[in-house]
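Coordinate analysis (summary)
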Amino acid sequence: MPPALRARVLAMVTRLIGVLLVPIALCRAPGRARFVACQWALGLRFPAEDLRGLATEALAAFTHARAEAFWRDGQLIGLTSGYRDATEQARMFAAEVRRTGSVAAARRRVLPPRESGHVRGIAVDVRPREGARWLERHGGRYGLYRVYDNEWWHFEYRVVEPVRLPHPAAAAGPPRAVPPCAAPPTGGAGGPRAMSRSRRTAS
Ligand SMILES: [Zn+2]
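This report concerns the structure included in the present document. (Residues numbered from 1 in each chain as written. Predicted model: local features only at pLDDT ≥ 70, side-chain atom pairs only at ≥ 80, totals over all residues.)

A short note on unusual backbone geometry
In this structure, the amide linkage connecting Arg127 to the following residue, Pro128, adopts the cis form with an omega of -10 degrees. Within the secondary structure layout, Pro128 lies in the loop between β2 (123-127) and α6 (129-138). (Helix = DSSP H or I, 4+ residues; strand = E, 2+ residues; numbered from the N terminus.)

Rendered as structure tokens:
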């Protein structure tokens, strides 16, 4: 089955499951049945997603936004990557420095732990692309904003709408020392344009 058709069929099945789960959710969480049923259905559609560790406000914003997407517009939104601990973020940053050959180039895709919204629990990487489009259009009502031009999947919970930046490195981060082992900045000579799935979940 072509991927696009497969995605459409899966989305239809997920919506149907959501509807079927409403009566059960009604027993478990009266008053929030549709919200709960939708999270269950999305959990089945995106079994690898892990919402643990997100800041309370970010978690509430994300789950309520995707419930609206699900019930009002039939749009599914799954979480690719949410909270990361500092060790994991540092490992990803180091891997990106190795891949690109410079700290400056790495920072266009992955931020060090001190600057990453993922480590603070306020960043969510979402899928599929249509879900990200929905969130870009409507997420502001929940305080969820796309913050980088080069990462369609990356959203952050903010109290005030942020100015969208071209890429993570464009943010004025805290002063940092460049590790002595790092190669000098290459001025954006960057890596390949095509991104692997793991690299999509970067900043
Ligand atoms: Zn991200």
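What about the nonpolar core?
Of all hydrophobic cores here, the largest spans 31 residues; its most connected members are Val126, Leu135 and Leu144. Where this core is concerned, the elements lending two or more residues are α1 (3-28), α2 (33-45), α3 (56-73), β2, α6 and β4 (154-157). The greatest single-element share of this core, amounting to seven residues, is contributed by α3. The two domains that each donate at least three residues to this core are domain 1 (1-45) and domain 2 (49-191). Those residues in contact with Val126 that sit more than four places away from it in its chain are Ile77, Gly78, Leu79, Thr80, Gly131, Ala132, Leu135, Trp153 and Phe155. Among the nonpolar cores identified, the runner-up in size contains ten residues, and Val103, Ala104, Ala105 and Ala169 belong to it. (Core = buried A, V, L, I, M, F, W, Y, C linked by C-beta atoms within 7 Å. Buried ≥ 20, exposed ≤ 12 C-beta atoms within 10 Å, placed from the backbone. Domains from an automatic or database assignment. Contact = placed C-beta atoms within 7 Å.)

A word on the environment of Phe155
Checked against the element boundaries, Phe155 lands in strand β4. For the pair formed by Phe155 and Leu144, sequence separation is eleven residues and the distance between their alpha carbons is 6.0 Å. Residues within four places of Phe155 in sequence aside, it is in contact with Val124, Val126, Leu135, Gly139, Leu144, Tyr145 and Arg146.

Observations concerning the sheet that holds β2
Spatially, β1-β2-β4-β3 is the arrangement adopted by the four strands of the open sheet, whose pairing is antiparallel. Lying at the two open borders of the sheet, with one neighbouring strand each, are β1 (78-81) and β3 (144-146). On average, adjacent strands in this sheet sit at an angle of 45 degrees to one another, irrespective of strand direction. Taken together, the three bridges between β2 and β4 define a ladder with antiparallel strand orientation. Across the sheet, residue Asp125 finds its bridge partner in β4, namely His154. (Pairing = 2+ DSSP bridges. Axes fitted to C-alpha atoms, helices over the stretch in contact; angles between N-to-C directions.)

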